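Commentary on secondary and tertiary structure
The residues making up each chain are set out below.
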Amino acid sequence: MAAGTDPRQDPGPGGPPEPGGATAPPASRVALKVNGAEHVLHLDHRVTLLDALRVHLGLTGAKKGCDHGQCGACTVLVDGRRANSCLLLAVAQDGVEVTTVEGLADPSGAAHPLQRAFLERDALQCGFCTPGQLCSAVGAIAEAAAGHPSHATDADALADPGPVTLTAPEVRERLSGNICRCGAYPRIVEAVTDVVA
């Protein structure tokens, strides 16, 4: 066998062998700005952004619901756009800015207007989905303000390149990726429309 081809001598891309002959999984340095704070993590390539937030940074607001991007409980803002953090590999997010529900309040600690509206409208029951609902609503409001249409956008509004008015049907459509198993949808829609009004 030629030098360097013996698998016991060549650790390969996964790193040096661990005790017992197993190879360490590939890992990389990842720099994330989360809720305004810089974090540098050394993460296995298989770690999702959700697990990086919850396990490595202790930010447990984003919830692990379905782990398939279907329930929206893990929704966070990535560079200002809403995303299902369970579907994003953390190493692919190097250099991005992430906002979780913990970062929605202003620096003085005052609650975000949506957080206040959810409380005023009693737009939650068990609260499991609420962090994802809040982050998704923040993203949806920004999308509408930037003029991004949805499937519920009126045809007349499509002709106008300006902001999209967030009516109740618009809010329902834009938040349809966030499931509330308690059925607090009517109050969630009211809370969001209160804020945009």
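Here the structure is shown first, and the text comes after it.
What comes next is a walk through the structure. Just so we're clear, the structure is a prediction, and the values are computed from it rather than from any experiment. (Residues numbered from 1 in each chain as written. Predicted model: local features only at pLDDT ≥ 70, side-chain atom pairs only at ≥ 80, totals over all residues. Heavy atoms only, no water.)

A separate point is the pattern of salt bridges. Counted by the stated rule, this structure contains eight salt bridges. Aspartate 44 is the salt-bridge partner of arginine 46, the closest N and O atoms lying 2.6 Å from each other. The shortest N-O distance in the salt bridge between arginine 174 and glutamate 170 comes to 2.8 Å. Residue arginine 174 and its partner glutamate 170 are located together in helix α5 (residues 168-174), separated by four residues, close to a single helical turn. Summarising the burial analysis for this pair, arginine 174 and glutamate 170 share the class buried. (Salt bridge = Lys/Arg side-chain N within 4 Å of Asp/Glu carboxyl O. Helix = DSSP H or I, 4+ residues; strand = E, 2+ residues; numbered from the N terminus. Buried < 20%, exposed > 50% of the residue type's maximum accessible area, 1.4 Å probe, protein only.)

With that settled, consider the sheet that holds strand β5 (residues 97-99). Sheet architecture is open: five strands sit in the order β2-β1-β5-β3-β4, paired in mixed fashion. In this open sheet, the two edge strands, each paired with only one partner strand, are β2 (37-44) and β4 (81-84). Taking each pair of neighbouring strands and ignoring which way they run, the sheet shows an average axis angle of 40°. Together, β1 (27-34), β2, β3 (75-78) and β5 form the strand contacts of helix α1 (residues 49-56), whose direction differs from that of β2 by roughly 110°. This element, helix α3 (residues 130-145), spans β3, β4 and β5 of the sheet and lies at about 40° to β3. (Pairing = 2+ DSSP bridges. Axes fitted to C-alpha atoms, helices over the stretch in contact; angles between N-to-C directions. Contact = heavy atoms within 4.5 Å.)

Right, let's talk about the nonpolar core for a bit. Core analysis: the biggest nonpolar cluster contains 24 residues, and Leu104, Leu114, Phe118, Leu175, Ile188 and Val192 have the highest contact counts within it. At the level of elements, α2 (113-120), α3 and α6 (185-196) are the ones that each hand at least two residues to this core. Top element by residues in this core is α3. It accounts for six residues. Ala52, Leu53, Ala62 and Val78 belong to the second-largest nonpolar core, a separate cluster that totals 20 residues. (Core = buried A, V, L, I, M, F, W, Y, C linked by side-chain atoms within 4.5 Å.)

For the rest of this paragraph, the subject is the side chain of lysine 63. Here lysine 63 lies in the loop between α1 and β3. An unpaired buried charge is present at lysine 63: no salt bridge exists, and glutamate 102, the closest side chain of opposite charge, is 6.6 Å distant. With residues near it in sequence (within four places) discarded, lysine 63 still touches Leu50, Arg54, Ala73, Cys74, Phe128 and Pro131. (Lys, Arg positive; Asp, Glu negative; His and termini not counted.)

This part takes up empty space enclosed by the protein. In this structure the tally under the stated criterion is one cavity of 30 Å³ or more. Every residue along the wall of the largest cavity is listed here: Ala123, Leu124, Gln125, Cys126, Gly127, Phe128, Cys129, Thr130, Cys180, Cys182 and Ala184. For the lining of the largest cavity, the class distribution of residues is eight nonpolar, three polar and no charged. (1 Å grid on protein atoms, 1.4 Å probe; cavity = no way out; pocket = protein on both sides within 12 Å on 5 of 7 lines; lining within 4 Å. Points joined across faces, edges and corners; volume = space filled by probe spheres on them. Nonpolar A, V, L, I, M, F, W, Y, C, P; charged D, E, K, R; others polar.)

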